[in-house]
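In case you want the letters, here they are:
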Amino acid sequence: MGQGGAAAVQGAAAFGKAMAVLQAVSDAAEPVSVAQIARLTGHPRPTVHRIVAALEAEGMLAERPGGGAYGLGPRLMALAARAWDRFELRLIAAAELARLRDATGETVHLAVRSGSEMIYVDKLESPQAVRMASRIGTRVKLHSSSVGKAWLAALPPDEAAALLPTLELTAMTPQTLTTVAALAAEIGRIRARGYSIDAEENEADIWCYGGAIAGAGGSIGCISVSIPKYRAAIDDPDRYAAPLLACCRRIAALAAEGVR
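Because the structure is a prediction, the values reported are computed rather than measured.

**Side note on the pattern of salt bridges**
Taken as a whole, this structure holds 14 salt bridges when the rule is applied. Among the salt bridges present, the one from D102 reaches R101, with a minimum N-O distance of 2.7 Å. Judged by relative accessible area, which is 55%, D102 ranks as exposed. Residue R101 is classed as partly exposed on the basis of its relative accessible area of 21%. Between E186 and R189 there is a salt bridge whose closest N-O contact spans 3.0 Å. Here E186 and its partner R189 are both found in helix α8 (residues 180-193), three residues apart, which amounts to about one turn of the helix. Owing to a relative accessible area of 43%, R189 belongs among the partly exposed residues under this scheme. Within the structure, one salt-bridge network assembled from shared partners comprises K149, E186, R189, R193 and E201.

The structure is reproduced here in C-alpha cells:
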C-alpha cells in the first residue's frame, strides 16, 4: 500500500473513533466524562481525551458547567436541527401527524430505519399530563418496537425471512419477543391485520400501535401512537389503529405525489 493509501486508512480509522465518541455522548442519558466515554467506546483514555478536545474545539461537543462532563455541542445541534428541517418525509408528514395526534390524544412518532434500528425523526407530544420520555433522535430496536415490527412486516416476505436471523433479539422487557420463530409469527399477524402492536415489549407500561408508510419495495417510514398502559384502550385497538392507518395512507399518497 502506498503512502496515500495508508494515510486514507489512518484517516478513516480516526474518523471512526471520533464518530464512536459522538455516538457514546449522544446515547448517554446525561453528560459523560472522558473516563466514561473511554469505557463506552473501548478506546484508550488518552485517545479519547484527544478526540474530545478536537471535537470541543469544533463545537461538536461542549463541556458542561462544573467541568469534567461533556454533552453534544452547539454546532452539532445546529447541524442536526437543519437536517431534520430539511428531511423531506418529515416535512410531508407534518400536518398528518398533527391530525393523528389530535384524533387520538396521544403521542405520535415518525421513524425511519437506521441499520438494525428505527430512529425517531419527528415526535408530537400528547396534550395529556403523562407523556413519553422519547425524543427526536431516539433509536429503538426493530424487533421490540411497534415501528420496527411494522417496518419488518412491510418488507417482501423473502427479505424479512432473510433478515430476521441476523437481528440481535435483545429482551428489552419480559414481554419482548426474543426468538426468530416468535417474531416471524408476529410479523405474519401484523401483515394480516395491517398494523403492529408493542404490548410493553420495548418499554414497561407503554403500549404502541405502529403502521408503515408504503413505498416501492417496502416502507419509506413508520408511524406509532404511544399510550401509557393505564389509559390505553387495550380491548379497542381500532380506536388507535384506524386513524393511524388512515394517516399512513395519506402520507404515502403525498410522498408518491412528490416523487412524480
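Moving on from the coordinates now.
**Looking at the packing of aromatic side chains**
In total, this model carries two aromatic pairs according to the counting rule given. Taking the centre distance of 6.2 Å and the plane angle of 50 degrees together, the rings of Y195 and Y209 count as tilted. Separated by 14 residues along the polypeptide, Y195 in the loop between α8 and β6 (196-199) and Y209 in strand β7 (residues 206-215) bring together distant segments of the chain. Take Y195 and Y209: they sit in the same class, and that class is buried. Pairing Y209 with Y240 gives two aromatic rings, centres 5.2 Å apart and planes at 25 degrees, and the pair type is stacked. Of this pair, Y209 sits in strand β7 while Y240 is found in helix α9 (residues 238-259), placing the two residues 31 residues apart along the sequence. Ring pairs connect the aromatic residues Y195, Y209 and Y240, which therefore count as one cluster. Over the face of the ring belonging to Y195 we find R193, whose NZ or CZ atom lies 5.3 Å from the ring centre.

**Section: the side chain of E96**
Its location among the elements puts E96 in helix α5 (residues 88-104). Engagement of the side chain of E96 in a polar contact is seen with the side chain of R250, the distance being 2.6 Å. In this structure E96 touches C247, R250, I251 and L254, once residues within four positions along its chain are discounted.

**Considering unusual backbone geometry**
Unlike most non-glycine residues, E200 shows phi in positive territory, near 60 degrees. Residue placement: E200 occurs in the loop between β6 and β7. When its relative accessible area of 12% is taken as the criterion, E200 is described as buried. You will see that D205, though not glycine, has its phi angle at about 70 degrees, which is positive. When you line up the elements, D205 lands in the loop between β6 and β7. Of the residues examined, D205 reaches a relative accessible area of 48% and is grouped as partly exposed.

**Remarks on helix α6 (residues 146-154)**
The buried fraction of α6 is high, at eight of nine residues. For α6, every residue scored as buried is listed here: S146, V147, G148, K149, A150, W151, L152 and A153.

Scoring rules and cut-offs
Residues numbered from 1 in each chain as written. Predicted model: local features only at pLDDT ≥ 70, side-chain atom pairs only at ≥ 80, totals over all residues. Heavy atoms only, no water. Salt bridge = Lys/Arg side-chain N within 4 Å of Asp/Glu carboxyl O. Buried < 20%, exposed > 50% of the residue type's maximum accessible area, 1.4 Å probe, protein only. Helix = DSSP H or I, 4+ residues; strand = E, 2+ residues; numbered from the N terminus. Phe/Tyr/Trp six-rings, centres within 6.5 Å; stacked < 30°, edge-to-face > 60°. Lys NZ or Arg CZ within 6 Å of the ring centre and 35° of its normal. Polar contact = N/O pair within 3.5 Å; in protein donor to acceptor, adjacent residues only side chain to side chain. Contact = heavy atoms within 4.5 Å.

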